[in-house]
Amino acid sequence: MNKFAIVLAAGKGTRMKSALPKVLHQVAGKSMLAHVLKSVSEVEIAKNVVIVGHEADRVIATLPKGTQFVKQVEQLGTGHAVRIAADLLANEEGATLVIAGDTPLITGETLGALFDYHFAQKATATILTAIAPNPTGYGRIIRDEKGSVEKIVEQKDANDFEKSITEINTGTYIFDNKSLFKALTEITTDNAQGEYYLTDVIEIFKKAGQTIAAHILDDFDESLGVNDRVALSQAEGTMRKRINHEHMVNGVTLIDPATTYIDSEVTIGAETVIEANVTIKGNTFIGKNVLITNGSRIENSEIHSNCEVRNSTVEESRMSVGSNVGPYAHLRPGTVLSEEVHVGNFVEIKSSTLGKGTKAGHLTYIGNATVGEKVNFGAGTITANFDGKNKFNTEIDDFAFIGSNSTIIAPLYIGKNALTAAGSVVTEDVPDEAVEIGRGKQVNKLGRAKKMPHYRGQ
Ligand code: UD1
Ligand code: MG
């Protein structure tokens, strides 16, 4: 039997009070819509159609290449949204999954099980339901005395008895495709919100004597529908627990999972230890046996095995095997540390490559530099790479020794084995093997201290 899917993503999300379309709000670093599309992609679907509408272009721009979409110009309700897909789907023979773009926690596994259940029950419609601790806001599942589903009643249309029902509609369903599109021609806007409710097709099927099945989720958390920012934070919390649990099962130590924030696309190798209050964002790879200490923030970076990140910020950078940074280092975009590089406290690096075994231990700024192997940066070294308008490059060759408090005025080249004297302002290239001294000569005026205001603490 062919499987199809319709993902509803046209709504504005008024309750979010946001300029960003609701389905683009992020949960663990990925839009809610992307989470839903990923779960849908885990089931074999012949045709998947995304319904876009509010800020359609922004939503379309986020869709994976090749995703089919249709525009719902006016958002007249979930039933209307599904009907918009008729041109692409109405004549197909098969079963169609309908899922909302604001339920980011529903897993691919659940969707697969829902299809299986639907086929086993030979149902016209199968609703994914859940028992909610607080059902307010959700559509309620109304069953007859025999326990079969009769209809779904929306919160705003529910009477007191219906409001007391805790079984809710997750907004995820499987329908016999042709029956779905036929029933959608019969729904009306005769309800509290004046919208075409998708949920109304259930009562239409029931009255026609067709089978309606309901599959109750074991875990309510998975069904969370995000309509406001309170629910968004709940989704974030549940997703975080799920992500952290998976990393721990895979051999990663999280000292305090409750304060460890790892985005969904992050990969982490076994034996890595992550202390409390660490944030790892975006498309980040962390290798094996890495130590990340408290307060670190890592974004879109590659940190290979046996590295240490101590209380530091790493953005769009690469740390090769055995390199270490911090405490309080800042690797800004475009930093590449080769193997066994040491970057110490209060060091900032940007758009620079440091060769194997190079050390910048203290209070240093390295920008737009290509640095060779085993270079040593003394404390307080600065590459002066910016003249207010343009950026200039510095090249420092292998084994160079940069004296403390050197100011390197780019563009320039410091040669192999060269040494710059502490306190130098380096304005010209330093040849290989040379010692550069670029500072004022010291003069001692003997006995003069007596005449100075500081003398003996006066
Ligand atoms: C819907 C269900 C409710 C269920 C809940 C689960 C209906 C009538 N109600 O309510 O029974 O308990 O989801 O989370 O279906 N959308 C469109 N076009 C529209 C309207 C909505 O594409 O014209 C999209 C939205 O972008 C959203 C989804 O459909 O992704 C659900 O819409 P929403 O307004 O959030 O419905 P709920 O009130 O949550
Ligand atoms: Mg919703």
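Residues numbered from 1 in each chain as written. Chains lettered and ligands numbered in written order. Predicted model: local features only at pLDDT ≥ 70, side-chain atom pairs only at ≥ 80, totals over all residues. Heavy atoms only, no water.

*Asks:* Help me understand the domain arrangement of the chain in this model?
*Replies:* One widely used convention gives an interface's size as the accessible area the parts lose upon coming together. Assigned domains within the chain: domain 1 (3-223) and domain 2 (229-436). On a C-alpha basis, the centres of domain 1 and domain 2 stand 46 Å from each other. Domain 1 puts 16 residues into the contact, and the matching count from domain 2 is twelve residues. Counting the surface lost from both domain 1 and domain 2, the interface buries some 1,200 Å², and carbon and sulfur atoms represent 58% of this. Taken as a group, Met16, Ala28 and Leu105 account for 45% of the area that domain 1 buries against domain 2, more than any other trio of residues on that side. Inspection of the domain 1/domain 2 interface yields one salt bridge. The salt bridge involving Lys30 is made with Glu265; its shortest N-O contact spans 2.9 Å. (Domains from an automatic or database assignment. Contact = heavy atoms within 4.5 Å. Buried area = accessible area lost by both parts, 1.4 Å probe. Salt bridge = Lys/Arg side-chain N within 4 Å of Asp/Glu carboxyl O.)

*Asks:* It is not clear to me how a nonpolar patch on the surface should be interpreted in this structure. Could you clarify?
*Replies:* A surface patch of nonpolar side chains, about 350 Å² in accessible area, is lined by Tyr328, Phe346 and Leu363. Considering the arrangement of structural elements, one finds Phe346 in strand β27 (residues 342-350). (Patch = residues over 30% accessible without salt bridge, like charges linked within 9 Å, V, L, I, M, F, W, Y side chains within 5 Å. Areas by Shrake-Rupley, 256 points an atom, 1.4 Å probe, with all protein chains shown as cover. Helix = DSSP H or I, 4+ residues; strand = E, 2+ residues; numbered from the N terminus.)

*Asks:* Could you clarify how one ought to interpret the packing of helix α7 (residues 177-184) against helix α8 (residues 200-207) in this entry?
*Replies:* Relative to each other, α7 and α8 sit at 105°, their axes nearing to 10 Å. When the axis of α7 is compared with that of α8, the two are roughly perpendicular. Contacts between α7 and α8 involve Ser179, Leu180, Ala183 and Leu184 from the former and Val201, Ile204 and Phe205 from the latter. Across the contact of α7 with α8, the residue classes break down as six nonpolar, one polar and no charged. (Axes fitted to C-alpha atoms, helices over the stretch in contact; angles between N-to-C directions. Parallel < 35°, antiparallel > 145°, perpendicular 65-115°, else oblique. Nonpolar A, V, L, I, M, F, W, Y, C, P; charged D, E, K, R; others polar.)

*Asks:* How should I be thinking about the pairing of strand β9 (residues 149-153) in this particular structure?
*Replies:* Where a strand is regular, its side chains alternate between the two sheet faces. Inspection of the sheet shows strand β8 (residues 140-143) paired to β9 by four bridges, in the antiparallel sense. Counted as the bridge partner of Ile142 is Lys151 from β9. Counting the residues in the hairpin turn of β8 and β9 gives five residues, including Gly147, whose phi is positive at 95°. (Pairing = 2+ DSSP bridges.)

*Asks:* Would you mind showing me how to read the packing of aromatic side chains here?
*Replies:* To describe a pair of aromatic rings, one takes the distance between the centres and the angle between the planes. This model, assessed by the stated rule, comprises five aromatic pairs. Ring plane angle 25° and centroid distance 6.1 Å describe the contact between Phe115 and Phe119, whose orientation is recorded as stacked. With a gap of four residues between them, Phe115 and Phe119 both fall in helix α5 (residues 108-121), about one helical turn apart. Classification of Phe115 as buried rests on a relative accessible area of 0%. With a centroid separation of 6.1 Å and an interplanar angle of 80°, the aromatic rings of Tyr138 and Phe220 are classed as edge-to-face. Taken together, the residues span a long stretch of sequence, with Tyr138 in the loop between β7 (125-131) and β8 and Phe220 in the loop between β11 (212-217) and α9 (229-249) at a distance of 82 residues. Assessed through its relative accessible area of 15%, Phe220 is described here as buried. A connected cluster of aromatic rings, assembled from ring pairs, spans Tyr173, Phe175 and Phe205. (Phe/Tyr/Trp six-rings, centres within 6.5 Å; stacked < 30°, edge-to-face > 60°. Buried < 20%, exposed > 50% of the residue type's maximum accessible area, 1.4 Å probe, protein only.)

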